[in-house]
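Coordinates in review
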Amino acid sequence: MENILELRHVTKTFKGFALEDVSFELKKGFIMGFIGPNGAGKSTTIRCLMDLIHVDSGEVLFFGKNFQGDCTELKQKIGFVYDQDVFFQDLTAEKNKKVIAPFYKNWDDQKFYRYIKEFGVPLNKKMKSLSKGTKMKFALAVALSHHAELIIMDEPTSGLDPVFRRELLDVLLDVIQDENKAIFFSTHITTDLEKVADYITFILDGKIVLSKEREELSEMFRIVKGPKTMESDIKQALPIAYKETSFGFEAFMRDDEAKKISNKTGIHLERPNLDEIMYYMVKSRRNV
Ligand SMILES: Nc1ncnc2c1ncn2[C@@H]1O[C@H](COP(=O)(O)OP(=O)(O)OP(=O)(O)O)[C@@H](O)[C@H]1O
């Protein structure tokens, strides 16, 4: 199956922070969630792939091709939602649309107005007077209205109320019905990803620690709970993270390690959700 997006060994160094050897791929027909704690490098990675900042080394391929220096054609194929104000703040939403639409060969006015109506964006108000969430809705409507093949979004659901967030997830699932498209977005709201993401890529301290199918990821780890008397058994089983609780202990470990001790009396295994996976991985800062 064809990769719609591929990063190969991308590095970018700032004073005090570096993206190191960032590699992952996204195939057509799938949604990938990009997660990691504050300052892990999500926005920097997205800026690198949108060529808003230049990579020091490595390669970014879209549709199997390196578009470096030939972004005009590429931008037609990508719907991009950025985490900053990119529209003309003194113009109304309608005027912004009039400026933007001609840049896209496949601009679809009907689709745009349908989303604007569905999302409840007032077109006659100046951008600067719109709330953060409404600006995000406008940005989403634009990104979805030019038949882009790849939608890239930096924290699109932050600032959105839970009702609209849910509606947006439905829109994303609808977009991905077309198996030639793909969606890549960063977020801190992992419950959104539990609903829609096929793949999860996790970045920590500028390095990719995981890029896996969501289903596979949920089978990869276990939270193991047990009484204090089992402490030495658990420590021998090489937990990724371990903490004492009022009942005994809680350990985060790989499923294959957890299985080895699962039949011992008092041991209880739970499947972690994405928040818990992120929590323990960040705490341990260990590669798996
Ligand atoms: N232009 C820059 N110059 C120097 N440092 C930068 C620059 N841009 C980003 N950084 C640093 O890179 C690190 C990663 O920032 P980035 O915005 O990519 O993180 P993030 O994962 O998107 O975080 P958040 O979840 O808080 O949005 C931070 O320490 C940030 O200060």
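Residues numbered from 1 in each chain as written. Predicted model: local features only at pLDDT ≥ 70, side-chain atom pairs only at ≥ 80, totals over all residues.

Under an unreviewed UniProt entry, the name given to the chain is Sodium ABC transporter ATP-binding protein, and the source organism is Sporolactobacillus laevolacticus DSM 442.

1. Some details on the overall build of the chain
Quick note on the threshold: For the purposes of this entry, the term helix denotes a DSSP run of H or I that reaches at least four residues, the term strand denotes a run of E that reaches at least two, and both are numbered from the N terminus. Three exposure classes are used. Buried residues have 20 or more other C-beta atoms within 10 Å of their own C-beta, exposed residues have 12 or fewer, and partly exposed residues fall in between, all C-beta atoms being placed from the backbone. Two residues qualify as a contact pair if the distance between their C-beta atoms, derived from the backbone, is within 7 Å.
Counting its secondary structure elements, the chain contains 11 helices and 13 strands. In terms of overall dimensions, the chain has a C-alpha envelope of 70 × 40 × 40 Å along the principal axes. Among the 288 residues that make up the chain, the fraction classed as buried is 34%. Contacts spanning at least 24 positions in sequence make up 71% of the contacts within the chain whose residues lie at least 6 apart.

2. Some words on unusual backbone geometry
If you check the backbone angles, aspartate 21 has positive phi at about 50 degrees while not being a glycine. Within the secondary structure, aspartate 21 is located in strand 2 (residues 17–27). Owing to 15 C-beta atoms within 10 Å, aspartate 21 belongs among the partly exposed residues under this scheme. You will see that leucine 238, though not glycine, has its phi angle at about 55 degrees, which is positive. Within the fold, leucine 238 resides in the loop between helix 9 (231–236) and strand 11 (241–244).

3. Examining the site of the ligand
Keep this limit in mind: Nearness is defined per residue: the C-beta atom, placed using the backbone, must lie within 6 Å of the molecule or strand. Under the convention adopted here, Pro, Cys and the residues Ala, Val, Leu, Ile, Met, Phe, Trp and Tyr are nonpolar, Asp, Glu, Lys and Arg are charged, and Gly plus all remaining residues are polar.
What surrounds the ligand is the set Phe14, Lys15, Phe17, Gly36, Asn38, Gly39, Ala40, Gly41, Lys42, Ser43 and Thr44. It is helix 1 (residues 42–49) that provides the largest number of residues to the shell around the ligand, a total of three residues. Among the residues forming the shell around the ligand, the class breakdown is three nonpolar, six polar and two charged.

4. Concerning helix 6 (residues 162–175)
Note the cut-off: A helix is expected to span 1.5 Å multiplied by its residue count minus one. Working definition: the arc comes from the directions between the helix axis and the C-beta atoms, pointing outward to the latter.
Under the 1.5 Å per step criterion, the end-to-end length of helix 6 is 20 Å for 14 residues, consistent within 8% with the ideal 20 Å. Of the positions making up helix 6, those classed as buried are Arg165, Leu168 and Leu172. One side of helix 6 carries all its buried residues, which in axial view fall inside an arc of 60 degrees. In this structure, helix 6 carries Val163, Asp170 and Asp174 as exposed residues pointing more than 90 degrees from its buried face. Those residues of helix 6 that are buried are in contact with strand 3 (31–35), helix 5 (132–143), strand 7 (182–186) and helix 7 (190–196).

5. Observations concerning the domain arrangement of the chain
Think of interface size as the accessible area that goes away when the parts come together; that is how it is often given. Definition in use: Here the bounds of each domain stem from an automatic or database domain assignment.
Along its sequence, the chain is organised into domain 1 (3–205) and domain 2 (218–284). Computed from C-alpha coordinates alone, the two centres of domain 1 and domain 2 are separated by 36 Å. At the level of secondary structure, the elements contributing two or more residues to the side of domain 1 that touches domain 2 comprise helix 7 and strand 8 (199–204). For the side of domain 1 that touches domain 2, a count of residues per class yields six nonpolar, one polar and one charged.

6. Quick look at the packing of helix 4 (residues 109–119) against helix 5
Our working rule: In this analysis, axes come from line fits to C-alpha atoms, helices being fitted only over the stretch in contact, and the angle between any two N-to-C directions falls in the range 0 to 180 degrees. For this classification, under 35 degrees means roughly parallel, over 145 means roughly antiparallel, 65 to 115 means roughly perpendicular, and everything else is oblique. For any pair of crossing helices, the crossing counts as left-handed if the nearer helix is rotated counterclockwise from the farther one by less than a right angle, and right-handed if it is rotated clockwise.
Contact pair helix 4 / helix 5: the axes reach a minimum separation of 9 Å and the direction vectors enclose 155 degrees. Comparing their axes, helix 5 and helix 4 come out roughly antiparallel. Remark: the crossing between helix 4 and helix 5 carries right-handed chirality. Here Phe112, Tyr115, Ile116 and Phe119 of helix 4 lie close against helix 5, whose contacting residues are Lys137, Leu140 and Ala141. Grouping the constituent residues of the contact of helix 4 with helix 5 by class yields six nonpolar, no polar and one charged.

7. A closer look at the sheet that holds strand 1 (residues 3–14)
Cut-off, in case you're wondering: At least two bridges found by DSSP between two strands are what make those strands a pair.
The strand order 2-1-4 describes an open sheet built from three strands, whose pairing is antiparallel. Edge positions in the open sheet fall to strand 2 and strand 4 (57–62), since each of these has one partner strand only. On average, adjacent strands in this sheet sit at an angle of 15 degrees to one another, irrespective of strand direction. Judged from the eight bridges that link them, strand 1 and strand 2 form a sheet pairing that is antiparallel. Its bridge partner lying in strand 2, leucine 7 is registered against phenylalanine 24.

8. Observations concerning the confidence of the model for the chain
Quick note on the threshold: The pLDDT value expresses, per residue, how confident the predictor is, ranging between 0 and 100.
Mean pLDDT over the chain: 91, with 98% of residues reaching 70 or higher. Two summary scores accompany this predicted model of the complex, namely pTM at 0.91 and ipTM at 0.97.

9. Quick notes on helix 5
Residues spaced three or four apart along an α-helix face the same direction, because each turn holds 3.6 residues. Relative to the 16 Å expected for 12 residues at 1.5 Å per residue, helix 5 spans 17 Å between its end C-alpha atoms, a close match to the ideal helical length. Burial of helix 5 is extensive: 10 of the 12 residues sit out of reach of the surface. All buried positions along helix 5 are accounted for by Thr134, Lys135, Met136, Lys137, Phe138, Ala139, Leu140, Ala141, Val142 and Ala143. Each element contacted by the buried residues of helix 5 is listed here: strand 5 (78–81), helix 3 (93–100), helix 4, strand 6 (150–154) and helix 6.

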